[in-house]
Amino acid sequence: MFDAPTRSFMFIPRGTSHCFQNVSATTPATLLVMFTPAGMERFFEGVAQLPPGPADPDAWGAIAHSTWMKIVGRPLAETDPL
C-alpha cells in the first residue's frame, strides 16, 4: 500500500493491479487520472450508468471486460472500510 498525500503523483504501469481509497473521513478526495492510449473513459462512462446501491460484481465485470480491464477484487469500501 502507498499513501499519496496532497499534490502527489503516482505512476501505475499498464497491467498492474491497483485501487484507490480516500482515507479521510472529513475531506473529499480529488483525483486527476490520465490514460494513454485513450479508451478507459468508456469504463467510467459505463460505471456512471449503473443504478445507485451496492456494487454488482457482474455488471462491473462486464463494463471492465468491455474496456480490456479485469476487476480482481471487491471495492475497498467493502473489504477495508474505514
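Details of the structure are given in the entry above.
The shown structure was predicted, so the numbers you read here are calculated from the model rather than taken from an experiment.

**Student:** An account of the overall build of the protein is requested, with residue identities and associated values reported.
**Tutor:** Within the protein one finds three helices and zero strands. Moving toward the C terminus, one meets the helices and strands of the protein in the order α-α-α. C-alpha atoms of the protein, sized along the principal axes, occupy 30 × 30 × 20 Å. Residues classed as buried in the protein amount to 10% of the 82 residues present. The long-range share in the protein, meaning contacts at least 24 apart out of those at least 6 apart in sequence, stands at 38%. Computed over 5 positive and 7 negative side-chain charges, the separation of the two mean positions in the protein equals 8 Å.

**Student:** I'd like a description of the packing of aromatic side chains, backed by residues and values.
**Tutor:** Per the stated rule, a full pass over the model turns up three aromatic pairs. What links up through ring pairs into an aromatic cluster is the set Phe35, Phe43, Phe44 and Trp60.

**Student:** An account of the environment of Met69 is needed here, citing residue identities and associated values.
**Tutor:** If you trace the backbone, Met69 turns up in the loop between helix H2 (57–66) and helix H3 (76–79). Note on Met69: relative accessible area 27%, which makes it partly exposed. Along the chain, Met69 and Phe43 lie 26 residues apart, while their C-alpha atoms are 8.7 Å from each other. The contacts of Met69, once residues within four sequence positions are left out, are Met40, Phe43 and Ala64.

**Student:** So, the environment of Phe11: which residues are in play, and what are the values?
**Tutor:** Of note, Phe11 is situated in the segment before helix H1 (41–48). Judged by its relative accessible area of 64%, Phe11 falls in the exposed class. C-alpha separation for the pair Phe11 and Pro37, spaced 26 residues apart in sequence, amounts to 15 Å.

**Student:** Go over unusual backbone geometry with me, naming the residues and quoting the values.
**Tutor:** Looking along the chain, the bond that leaves Thr36 and enters Pro37 is cis, with omega of 0°. Here Pro37 shows up in the segment before H1. Even without a glycine there, the phi angle at Arg7 is positive, about 65°. Here Arg7 shows up in the segment before H1. Accessibility expressed as a relative area gives 84% for Arg7, which makes it exposed.

**Student:** Please give an account of the packing of H1 against H2 that cites residues and values.
**Tutor:** At their nearest, the axes of H1 and H2 sit 9 Å apart, and the two run at 155° to each other. As judged from the angle between their axes, H1 and H2 are roughly antiparallel. Crossing handedness for the pair H1 and H2: right-handed. For the pair formed by H1 and H2, the contact residues are Phe43, Gly46 and Val47 on the first element and Trp60, Ile63 and Ala64 on the second. Split by residue class, the contact of H1 with H2 holds five nonpolar, one polar and no charged.

Cut-offs used in this document
Residues numbered from 1 in each chain as written. Predicted model: local features only at pLDDT ≥ 70, side-chain atom pairs only at ≥ 80, totals over all residues. Heavy atoms only, no water. Helix = DSSP H or I, 4+ residues; strand = E, 2+ residues; numbered from the N terminus. Buried < 20%, exposed > 50% of the residue type's maximum accessible area, 1.4 Å probe, protein only. Contact = heavy atoms within 4.5 Å. Lys, Arg positive; Asp, Glu negative; His and termini not counted. Charge placed at Lys NZ, Arg CZ, Asp CG, Glu CD. Phe/Tyr/Trp six-rings, centres within 6.5 Å; stacked < 30°, edge-to-face > 60°. Axes fitted to C-alpha atoms, helices over the stretch in contact; angles between N-to-C directions. Parallel < 35°, antiparallel > 145°, perpendicular 65-115°, else oblique. Left-handed = near helix turned anticlockwise from the far one by under 90°. Nonpolar A, V, L, I, M, F, W, Y, C, P; charged D, E, K, R; others polar.

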